[in-house]
Amino acid sequence: VMNDIISTMFNQKFMEELFKPQDLYSKKALRTVYDRLAHASIMRLNQASMDKLYDLMTMAFKYQVLLCPRPRDILLVTFNHLDAIKDFISDSLGILNQVDETFRRLIETYTCLSDGEFQLIRQTLLIFFQDMHIRVSLFLKDKVQNSNGHFVLPISGPVPWGTEVPGLIRIFNHKGVEVKRAEFTTAGNYVTPQREGSFELYGDRVLKLGTNMYSVSRPVETHMSGSSKTLASQAKENIAPNPFAKEELNFLARLLGGLDIQKPAGGETGFRLNLFTSDEEEEHAAQTRPEELSYKIINIEATQEPGRRAELSRILGELEVEEPRPGSAEKGEDLLALMDGL
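What counts and what doesn't
Residues numbered from 1 in each chain as written. Predicted model: local features only at pLDDT ≥ 70, side-chain atom pairs only at ≥ 80, totals over all residues. Heavy atoms only, no water. Helix = DSSP H or I, 4+ residues; strand = E, 2+ residues; numbered from the N terminus. Contact = heavy atoms within 4.5 Å. Areas by Shrake-Rupley, 256 points an atom, 1.4 Å probe, with all protein chains shown as cover. Core = buried A, V, L, I, M, F, W, Y, C linked by side-chain atoms within 4.5 Å. Buried < 20%, exposed > 50% of the residue type's maximum accessible area, 1.4 Å probe, protein only.

### Comments concerning the overall build of the protein
Across its full length, the protein holds 13 helices and six strands. Put simply, of all contacts in the protein between residues at least 6 apart along the chain, 65% involve residues at least 24 apart. Within the structure as shown, the protein displays about 23300 Å² of accessible surface, and the carbon and sulfur contribution to it stands at 55%.

Given below as structure tokens:
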């Protein structure tokens, strides 16, 4: 699943379209692109889970951009994202090369920009997300988000690279010569950063924004299998051999069409991801969702039956790939048309 999604996300034509100078996409266009990327594999999400995943993504991204110590660190946040993606596909050299190529393109395009240009990029992104105040349980637990959905800016920690710890006032005369100094007490506990993060293809980014938010061990309040577990204990359990590994491999072989296994009577088929703690919560979220935000997903099942295979071939034969109309004014239409062809 991860290989399919990442391969589609970093497709060469898709990246070329994204790197073209253009206006910011609308929220609707962004949501459509996100939906198609999330469904680029065999994984399928129903509408309620998709909404929750999208809300988590947008608020996490807003949090990272908002808390950047300096505008240029937006690039370090992006590099942290790409470093994490490379860990997912470390065994797939072809996809790894796609990510590295995007890495090089980012370095070539953005490392030469001035601080003022990065500030403009940061403000543009924050304006895009300024009306979104969705509460995320992880942020609420860590007290980085208030109950109204607004983020809390820290008054302690490292100051931006190249700046000094606050607490000193210098007074200069008209000739630019320092004539007086005064100190004041700050409310926060500021420290000077030890070094600047690396903007190279490989290196220590120093900045932790953009890394895995779930890597810190914390108690899980929802009940799982009748007990509460920490992420650390879950990680230890993952080391043990999985008794269902053979069944998972058989299921993969069925999807690839290389193994013909009789379906169990009444068994559930397909790959389903549920981001809610229970089916009841998922159904409630689906019922309370506004009608105008509904999206439809068409599932096509390919099996070993000759009749269905012939029917699928007929359907595919009727599909026509239309070239995007150059005169269209709808933002993101060319990009979406490109994704249809991937």
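### Overview of the nonpolar core
Counting residues in each nonpolar core, the largest one holds 43 residues, and the members touching the most others are Ile6, Phe10, Tyr63, Phe79, Leu82, Val99 and Phe139. It is helix α5 (residues 73–88) that provides the largest number of residues to this core, a total of seven residues. Once you skip the residues sitting within four places of it in the chain, Ile6 turns out to touch Ile85, Phe88, Ile89, Ile95 and Val99. Grouped together as the second largest cluster of nonpolar side chains are seven residues, Ile5, Ala38, Met43 and Met50 included.

### Describing unusual backbone geometry
The backbone of Lys143 sits at a positive phi, close to 60°, despite the residue not being glycine. Along the chain, Lys143 turns up in the loop between α8 (137–141) and β2 (157–158). Accessibility expressed as a relative area gives 67% for Lys143, which makes it exposed. In this model, Val206 sits at a positive phi of 65°, which is unusual for a non-glycine residue. On the secondary structure map, Val206 appears in the loop between β5 (190–191) and α9 (231–239).

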